[in-house]
Amino acid sequence: TVFLPIDRGVQLNLQPAILCIDDEEMVLSALRVYFDELHDMSLQVSRTPEAVMTYLENHPEVDIVLSDIAMPGINGWELLNRIKDRYPLLPVILYSGDYLAIKGKPADTPDPDHFLEKPFEMRELMRIINTIDRLRI
């Protein structure tokens, strides 16, 4: 996506943007605290995977999707399917600490761009993010 200002006097504030989906507020809070410490990084969070596709349609600035697998309703595998169907080049990082959820990947589901097993260290997440060509932190 290319953003061009209509008015030369308008400055664009383009920051790398990550959308994180998890039904556990504690995980979202930990990620918020970590990313708030980084400058020039935008972390948007959602507790409802059902709203993600609408969010992505309205926010083309999202560079990476980070999602838990084990969630009520739409799980991470189904969300991955939906995202890759509509946005095949958008990197998706999935994570989970639930062995059954990890092994429950449907056969017709693409692999995530990266996978983390919970609990994971933030520096490992940052290493993965830095391997994705869309942004560097």
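Anything mentioned here points back to the structure above.
Residues numbered from 1 in each chain as written. Predicted model: local features only at pLDDT ≥ 70, side-chain atom pairs only at ≥ 80, totals over all residues. Heavy atoms only, no water.

### Examining unusual backbone geometry
Part 1: Cis geometry is found at the peptide bond from Lys118 to Pro119, where omega equals -5°.
Part 2: Mapped onto the elements, Pro119 comes out in the loop between strand E5 (114-117) and helix H5 (122-131). (Helix = DSSP H or I, 4+ residues; strand = E, 2+ residues; numbered from the N terminus.)

### Remarks on the pattern of salt bridges
Part 1: Under the defined criterion, the tally for this structure stands at eight salt bridges.
Part 2: Taking the shortest distance from any N to any O, the salt bridge between Arg123 and Glu121 comes out at 3.0 Å.
Part 3: A relative accessible area of 63% places Arg123 in the exposed class.
Part 4: In the salt-bridge network here, residues are joined through shared partners; they are Glu25, Arg32 and Arg47. (Salt bridge = Lys/Arg side-chain N within 4 Å of Asp/Glu carboxyl O. Buried < 20%, exposed > 50% of the residue type's maximum accessible area, 1.4 Å probe, protein only.)

### Quick look at the sheet that holds strand E2 (residues 42-46)
Part 1: Strands sit in the order E2-E1-E3-E4-E5 across an open sheet of five strands; the sheet is parallel. At either end of the open sheet lies a strand with only one pairing partner, and these are E2 and E5. Taken over all neighbouring pairs, the strand axes of this sheet differ in orientation by 20° on average, direction set aside.
Part 2: Bridge analysis of strand E1 (residues 17-21) against strand E3 (residues 64-68) gives four bridges, and the strand direction is parallel. (Pairing = 2+ DSSP bridges. Axes fitted to C-alpha atoms, helices over the stretch in contact; angles between N-to-C directions.)

### A look at the environment of Gly73
Part 1: Within the secondary structure layout, Gly73 lies in the loop between E3 and helix H3 (76-86).
Part 2: Through-space distance from the C-alpha of Gly73 to that of Glu50 is 7.9 Å; in sequence the pair is 23 residues apart.

### Some words on H3
Part 1: For H3, every residue scored as buried is listed here: Gly76, Trp77, Leu79, Leu80, Asn81, Ile83 and Lys84.
Part 2: Residues of H3 that are buried in the fold lie against E1, helix H2 (52-58), E3, strand E4 (92-96) and helix H4 (99-103).
Part 3: Where H3 begins, one side-chain oxygen reaches toward the backbone nitrogen of Trp77, 2.9 Å away; that side chain belongs to Asn75. (Contact = heavy atoms within 4.5 Å. Polar contact = N/O pair within 3.5 Å; in protein donor to acceptor, adjacent residues only side chain to side chain.)

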